[in-house]
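# Close look at the chain arrangement
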Amino acid sequence: MNKLAQKYLRPELVPTKACQGCAIGSIEHWLLQAIDESGLKQEDVIFGAGIGCVGRQTFATWGGDNFGATHGRALAVATGLKVARPDKQIMLVVGDGDASSIGASHLVHAARRNVGVTVICEDNMGYESTGGQFSPTTPPGYVTNSSPYGMVEQSFNPCDLVIAAGATFVAETTAVQMRQTVKIVKMALANDGFSFVLIRFPCIQNFGASALGSRDPSFGMEWIYDHTKGKTKDGEKTDFAWETGIKHDASNSRPEFSKVLRDLNTRVRADMAPAS
């Protein structure tokens, strides 16, 4: 067990329960590195998870306080926690279903309110824990369990959604960008407001088999690498390319939601106090 896992995780839940070749374990290690380099202790952070591959593999691995929410509701729980414990850093690890489908309304309003949470959306481009059905982030034309003739719906990037809603820090990376991801997550943690980091990674078992025609982990990671760069190793342009990096940085530019409520409470109490 490496030193970060020893410092922050529950030893009985290491190594990850993820499928062989899945990047969830690697990404969780990158999150630990960002937390450690930010000078945060185990007791400083509340770690929350949603439902699906990401939630199932990361739930209760954190050695400190944890919570697991029903599908799409992690941000509702986190909002209440932040109001109750404004002194804590709250990190949510959710999937594309939690963030962009069933949980999209909670995502929008948490960003609008500027709730002080850091949301890590690990996007494997489908509902992989239930067999590999398409999700709002599945690329058009790709075959999945529920789109056997190719995905016909237009996909969307949840980064665009949270920027429009008022998030104060938004970024996007992929599973082949370790250093960039650690740096970006540290910036997200430093923002006293709503931070959203989207990390694309391949599902080897379902997306790999249906969309890519291979369950070879190296093939899946090569596909991610090619679409991160926008070209294959032969120099051919890929069918699409992700634009990674910082999408929007207005860190600490407006009051965090729980502080707004506390200030309001103080003002109302003062107004209601009997005159001396």
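Right above here is the structure, for reference.
Rules used throughout
- Residues numbered from 1 in each chain as written.
- Predicted model: local features only at pLDDT ≥ 70, side-chain atom pairs only at ≥ 80, totals over all residues.
- Heavy atoms only, no water.
- Core = buried A, V, L, I, M, F, W, Y, C linked by side-chain atoms within 4.5 Å.
- Buried < 20%, exposed > 50% of the residue type's maximum accessible area, 1.4 Å probe, protein only.
- Helix = DSSP H or I, 4+ residues; strand = E, 2+ residues; numbered from the N terminus.
- Contact = heavy atoms within 4.5 Å.
- Axes fitted to C-alpha atoms, helices over the stretch in contact; angles between N-to-C directions.
- Parallel < 35°, antiparallel > 145°, perpendicular 65-115°, else oblique.
- Left-handed = near helix turned anticlockwise from the far one by under 90°.
- Patch = residues over 30% accessible without salt bridge, like charges linked within 9 Å, V, L, I, M, F, W, Y side chains within 5 Å.
- Areas by Shrake-Rupley, 256 points an atom, 1.4 Å probe, with all protein chains shown as cover.
- Salt bridge = Lys/Arg side-chain N within 4 Å of Asp/Glu carboxyl O.

### Points about the nonpolar core
- The biggest cluster of nonpolar side chains holds 33 residues, and the ones touching the most others in it are Ile35, Trp62, Met91, Ile120, Val185, Val197 and Phe201.
- Those elements that place two or more of their residues in this core are α1 (3–8), α2 (24–37), β1 (45–49), α3 (53–58), β3 (89–95), β5 (169–174), α8 (178–190) and β6 (195–200).
- If you tally residues by element for this core, the top one is α2, at seven residues.
- Setting aside its immediate chain neighbours within four residues, phenylalanine 201 contacts Cys22, Ala23, Ile24, Ile27, Val54, Glu122, Asp123, Asn124, Met125, Ala175 and Ile224.
- Counting residues in hydrophobic clusters, the runner-up holds 26 residues, among them Ile46, Phe67, Ala99 and Ala165.

### As for the packing of α2 against α8
- Two elements in contact, α2 and α8, have axes whose closest approach is 9 Å; the angle formed by their N-to-C orientations is 50°. By the criterion of interaxial angle, the relationship of α2 to α8 is oblique. Of the two possible hands of crossing, α2 and α8 adopt the one that is right-handed. Of the residues in α8, those in contact with Trp30, Leu31, Gln33, Ala34, Ile35 and Glu37 of α2 are Met178, Thr181, Val182, Val185, Lys186 and Leu189.

### Structural notes on a nonpolar patch on the surface
- Judged by side-chain polarity, Val83, Leu261, Leu264, Val268 and Met272 come together as a nonpolar surface patch covering roughly 410 Å² of accessible area.
- In terms of residues, the nonpolar patch owes the most to one element, helix α11 (residues 257–272), which gives four residues.
- Residue position: methionine 272 is located in helix α11.

None of the figures reported here should be taken as evidence of function without further support.
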